[in-house]
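The chain contents come next:
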Amino acid sequence: MPSPLFADRPAPQPPQSGALDALISQTQHLRGGLDAVRRESSIEDEQFEDPRARWQRALCELAVHHLDGLGEHLGQLREGLPVDPDEAPPGERLPAAPPEPERRPSASRVGSAEWNLLTDEVTWSAELYEIFGRRPAEGGLSLDELPSCVHPADQSALTTMVTDCLVDGKPIDGEFRIIRPISGERTVHMMGEPVLEADGSTGSMWAVLRDVSELRRSQQAVRETQDSLRRQRHIAQTEHRLAVELQEAVLPPWRGALSLPTGTGALDLAAHYLPSAISALVGGDWYDALQLPDGRTLLSVGDLTGHGVAATSGMATLLGALRGMAVAGVEPGPLMGYLNHMLDVSPQPALGSAVCGLYDPAARTLTWAQAGHPAPLLFRDGAGLALRPPEGVLLGATSGATYTQRTEVLAPGDLLVLHTDGLAPRSVPASPEAGAERLLSLAPRFSSARTAQECVRAVVECFGDEQREDDACLLVARIGSDT
C-alpha cells in the first residue's frame with residue numbers, strides 16, 4: 001500500500017524506536033495494574049452487585065479498551081508502514097520477516113484502506129476485512145459500494161463525509177454502524193484524508209477504520225450506571241428528607257426544658273436526638289414525655305430496627321399506640337405486651353426495644369417496664385447505677401410474650417436518664433452496656449448540674465462529636481423538691 005502522504009507536505013520522519021518501546025512498556029505496565037485493580041476490587045463478580053459495582057466495572061472495561069487500543073497503535077507505529085519487497089531499491093532487499101506473533105482478538109479492531117480514484121483500485125488491510133466480516137477473496141468495497149454495508153440511518157452521514165473529503169479536501173473523522181453478514185451490527189470510527197496529486201487534484205483517499213463497538217458499549221454502560229446512581233441518590237435524598245420530616249413531626253415538639261406536671265414532685269425534663277455518623281441513616285429512635293389525665297407522666301424511649309421512611313413511619317405508629325394506651329390508663333407491663341402484638345402481626349416485620357415508665361409525682365414513684373432495652377440510669381448523691389430491669393424480650397421477637405414491671409421509689413433531686421443504645425462510638429465494640437457505662441461516668445457532672453438541660457448539654461459535649469454507627473435518643477428527668 002502506498003504511503004498516504006499529501007503531495008504538498010514532506011514525509012514525516014519515523015519516531016525513534018527507543019521512545020516507542022518505552023511508551024509500549026508503560027502501556028503494558030498500566031494494563032497489568034488495571035487487571036490487578038479489577039481482581040482486588042472483585043468488581044467482575046456480578047452476583048448481588050449494586051449499580052455502583054456495575055459502574056466501576058464499566059469504567060474498568062472502558063479503560064481496558066483505551067489501553068488496548070493505545071498498545072495496538074503504538075505497535076503499528078513502531079513497525080512502520082508495510083513495504084513491498086519488490087519495490088525496494090536495488091541492493092536494499094528487505095530480510096525475510098520474522099513469524100508474526102499471535103495477535104489477541106483486539107488486534108483486528110484497526111484496519112486501513114485506500115481508494116484510488118484514477119484506477120478504481122481498492123486496497124484493504126487484512127484487519128479491515130475482519131472488521132467488515134468479509135473474505136479477502138471478495139475484495140474490498142469501493143466508495144460507491146461502502147454504504148451498502150452501512151446501517152440505513154448512517155448512510156447519509158457517511159456519504160456526506162466522503163463527499164466533503166473528495167470535493168473539499170476535508171479530513172474524515174466520524175462514526176457509523178455497519179451490518180456484518182453473520183455477527184450483526186458493529187460501530188466503526190473512520191479517520192481519512194485525501195491524497196493530492198502534483199496538480200492539486202485528489203488522486204486517492206486513505207483512511208484508518210477502527211472497530212469501537214466494545215468501547216461504545218462500555219461508554220454506554222458507564223452512562224447508564226451513572227444515571228442509575230443519580231436516580232438512586234435522588235431517591236435516597238427524597239426518602240431521607242421524608243424520614244426527617246416525619247421524625248420531626250412525631251417526636252415531642254418541645255425543645256430545651258419542660259416541667260411536667262406542675263406543683264409538688266414535678267419533673268424537670270430535657271431531651272436530645274443524636275444523629276448517626278452517616279447522616280442519611282435516620283432510624284426509628286424516639287423519646288417521649290406526656291402528662292396523663294390521672295396526673296402521672298409518661299416517660300419512654302425506644303428504637304425500631306431499620307432506617308429510612310419505613311423505620312420512621314413504624315416508629316410513628318408505635319409511639320402513637322403507646323401514647324394512646326397510656327392515656328387510656330394501661331400500665332407499662334401490659335402496654336409492652338400490646339406493642340409486641342402490634343409488631344408481631346405487622347405486615348412489615350420489625351423488631352423494637354423500648355422502656356416505658358409512669359411517674360407518679362404525689363408518691364415520687366416510677367413504675368416501668370422494658371422490652372430488650374437498656375435500663376434507666378438513676379443518679380443520686382453523686383453516683384449512678386442502672387435500675388434492675390423487669391423481664392421483657394424485644395418487641396416483635398415472639399408471640400404472646402409477657403412483660404413484667406417494677407416500681408422504684410425516688411427522692412427529690414434524683415436524676416433519671418433514659419437512652420437508646422446508639423450512643424457508643426464506632427471505635428467501641430457494640431454492646432448494650434457501652435453507652436450506659438459512659439453515661440454513668442458523667443455522675444460528677446450531673447451532680448453539679450442545676451437543671452436537666454445542663455445534664456443534656458454535658459452528654460452532648462461528651463458524645464456529640466463522635467462517629468456513631470446508629471442514631472440515639474436521650475431523655476433526662478430530674479425529680480423536683482417539695483418547694
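Residues numbered from 1 in each chain as written. Predicted model: local features only at pLDDT ≥ 70, side-chain atom pairs only at ≥ 80, totals over all residues. Heavy atoms only, no water.

Peer 1: Could you clarify how one ought to interpret the overall build of the chain in this entry?
Peer 2: Helix and strand counts for the chain stand at ten helices and 16 strands. Looking at the 483 residues of the chain, the share that counts as buried comes to 43%. Approximately 25,300 Å² of the chain is accessible, and the part contributed by carbon and sulfur atoms is 54%. (Helix = DSSP H or I, 4+ residues; strand = E, 2+ residues; numbered from the N terminus. Buried < 20%, exposed > 50% of the residue type's maximum accessible area, 1.4 Å probe, protein only. Areas by Shrake-Rupley, 256 points an atom, 1.4 Å probe, with all protein chains shown as cover.)

Peer 1: Would you take a moment to explain the confidence of the model for the chain for this structure?
Peer 2: Low pLDDT means the predicted coordinates in that region are not meant to be read closely. In this model, the chain carries an average pLDDT of 80, and 78% of its residues clear a pLDDT of 70 or more. Confidence drops under a pLDDT of 50 for residues 43-49, and excluding neighbours within four residues, the segment shows eleven contacts in the predicted structure. Counting interchain partners and residues more than four positions distant, the pLDDT-below-50 stretch residues 81-108 has 15 contacts. (pLDDT = per-residue confidence, 0-100. Contact = heavy atoms within 4.5 Å.)

Peer 1: In this structure, what is going on with helix α6 (residues 309-327)? I would like to understand it.
Peer 2: Working note: α-helix, 3.6 residues per turn, so residues spaced by three or four point in the same direction. Between its terminal C-alpha atoms α6 stretches 27 Å, which fits the 27 Å expected from 19 residues at 1.5 Å a residue. For α6, the full list of buried residues reads A311, T312, M315, A316, L318, L319, A321, L322, M325 and A326. Residue G329 follows α6 closely and has a positive phi angle near 95°. (Expected span 1.5 Å × (residues − 1).)

Peer 1: What's the story with the side chain of R296 in this structure? I'm lost.
Peer 2: Along the chain, the position of R296 falls in the loop between β8 (283-291) and β9 (297-307). For R296, a relative accessible area of 16% corresponds to the buried category. Not counting residues up to four positions away in its chain, the partners in contact with R296 are L290, Q291, E331, L358, Y359, D360 and P361.

Peer 1: What should I look at first to understand the sheet that holds strand β10 (residues 352-360) in this one?
Peer 2: Paired through their backbone hydrogen bonds, the strands of a sheet run either parallel or antiparallel. Taken together, five strands build an open sheet; the order of strands is β8-β9-β10-β11-β14 and the sheet is antiparallel. The open sheet has two free edges, formed respectively by β8 and β14 (406-409), since each of these has just one partner strand. Adjacent strand axes in the sheet meet at a mean angle of 15° when their direction is disregarded. Pairing analysis gives four bridges linking strand β11 (residues 365-371) to β14, with the strands arranged antiparallel. Bridge pairing in β14 links T365 to V409. (Pairing = 2+ DSSP bridges. Axes fitted to C-alpha atoms, helices over the stretch in contact; angles between N-to-C directions.)

Peer 1: Please clarify how the nonpolar core should be interpreted in this entry.
Peer 2: Membership of the largest hydrophobic core comes to 49 residues, with the highest contact counts inside it found for L299, M336, L339 and L395. The dominant element in this core, judged by the number of residues it contributes, is α6, at seven residues. Residues in contact with L299, not counting those within four places in the same chain, are L267, L269, D288, A289, V355, C356, G357, L366, L418, L475 and A477. (Core = buried A, V, L, I, M, F, W, Y, C linked by side-chain atoms within 4.5 Å.)

Peer 1: Whenever I open this one, the packing of α6 against helix α7 (residues 332-344) confuses me. Can you help?
Peer 2: Where α6 meets α7, the closest approach of the two axes is 10 Å, and the angle between their N-to-C directions is 150°. Taken together, α6 and α7 sit at an angle that is classed as roughly antiparallel. α7 is crossed by α6, and the crossing has right-handed handedness. Facing α6, whose interface residues are T317, L318, A321, L322, M325 and A326, α7 presents L335, Y338, L339, M342 and L343. Grouping the amino acids of the contact of α6 with α7 by side-chain chemistry returns ten nonpolar, one polar and no charged. (Parallel < 35°, antiparallel > 145°, perpendicular 65-115°, else oblique. Left-handed = near helix turned anticlockwise from the far one by under 90°. Nonpolar A, V, L, I, M, F, W, Y, C, P; charged D, E, K, R; others polar.)

Peer 1: Would you mind showing me how to read the pattern of salt bridges here?
Peer 2: Any two side chains of opposite charge can pair, on the condition that their charged atoms come close. Scanning all chains against the criterion turns up 14 salt bridges. With a shortest N-O distance of 2.1 Å, R216 and E175 are connected by a salt bridge. In this pair, R216 sits in helix α5 (residues 213-250) while E175 sits in strand β3 (residues 172-180), placing the two residues 41 residues apart along the sequence. A relative accessible area of 32% means that E175 is categorised as partly exposed. Note that E408 is salt-bridged to R406, the shortest N-O span being 3.8 Å. We classify R406 as partly exposed; its relative accessible area is 29%. Through salt bridges with shared partners, a single ionic network connects D294, R296 and E331. (Salt bridge = Lys/Arg side-chain N within 4 Å of Asp/Glu carboxyl O.)

Peer 1: Is there a simple way to explain the sheet that holds β3 in this structure?
Peer 2: Reading across from one edge, β2-β1-β5-β4-β3 is the order of the five strands in this open sheet, with antiparallel pairing throughout. Both edges of this open sheet fall to β2 (122-124) and β3, since each of them pairs with a single strand only. In this sheet, neighbouring strand axes are inclined to one another by 25° on average, regardless of whether the strands run parallel or antiparallel. By the bridge criterion, seven bridges tie strand β1 (residues 110-116) to strand β5 (residues 202-211) in an arrangement that is antiparallel. Residue pairing in the sheet places E114 in a bridge with W206 of β5. Lying on the sheet, helix α4 (residues 152-168) is in contact with β3, β4 (184-196) and β5; it crosses β3 at an angle near 140°.

Peer 1: Looking at this structure, how should I read the pairing of β10?
Peer 2: Working note: regular strand, side chains alternate between the two faces of the sheet. Of all nine residues making up β10, eight are buried, and the element is well covered by its neighbours. One ladder, built from eight bridges, connects β9 with β10; its direction is antiparallel. Looking at the pairing, L299 lines up with G357 of β10. Two strands pair when backbone bridges link them, and β10 and β11 are joined in this way by seven bridges, in the antiparallel orientation. Across the sheet, residue Y359 finds its bridge partner in β11, namely L366.

Peer 1: Explain the packing of aromatic side chains to me, please; I cannot follow it from the model alone.
Peer 2: The description of an aromatic ring pair uses the distance of the two centres, along with the angle that the planes make with each other. With the rule as written, the count across this model stands at three aromatic pairs. Ring centres of W124 and F132 lie 5.0 Å apart, and the angle between their planes is 45°; on these two criteria the pair is classed as tilted. In this pair, the class of W124 matches that of F132, namely buried. (Phe/Tyr/Trp six-rings, centres within 6.5 Å; stacked < 30°, edge-to-face > 60°.)

Peer 1: Whenever I open this one, α7 confuses me. Can you help?
Peer 2: The end-to-end C-alpha distance of α7, which contains 13 residues, comes to 18 Å, matching closely the 18 Å that a straight helix rising 1.5 Å per residue would cover. P332, G333, L335, M336, L339, N340 and L343 are the residues of α7 that are buried. All buried residues of α7 fall inside an arc of 160° around its axis, so they share one side. Buried positions along α7 lie against β9, α6, β10 and β11. (Arc of directions from axis to C-beta.)

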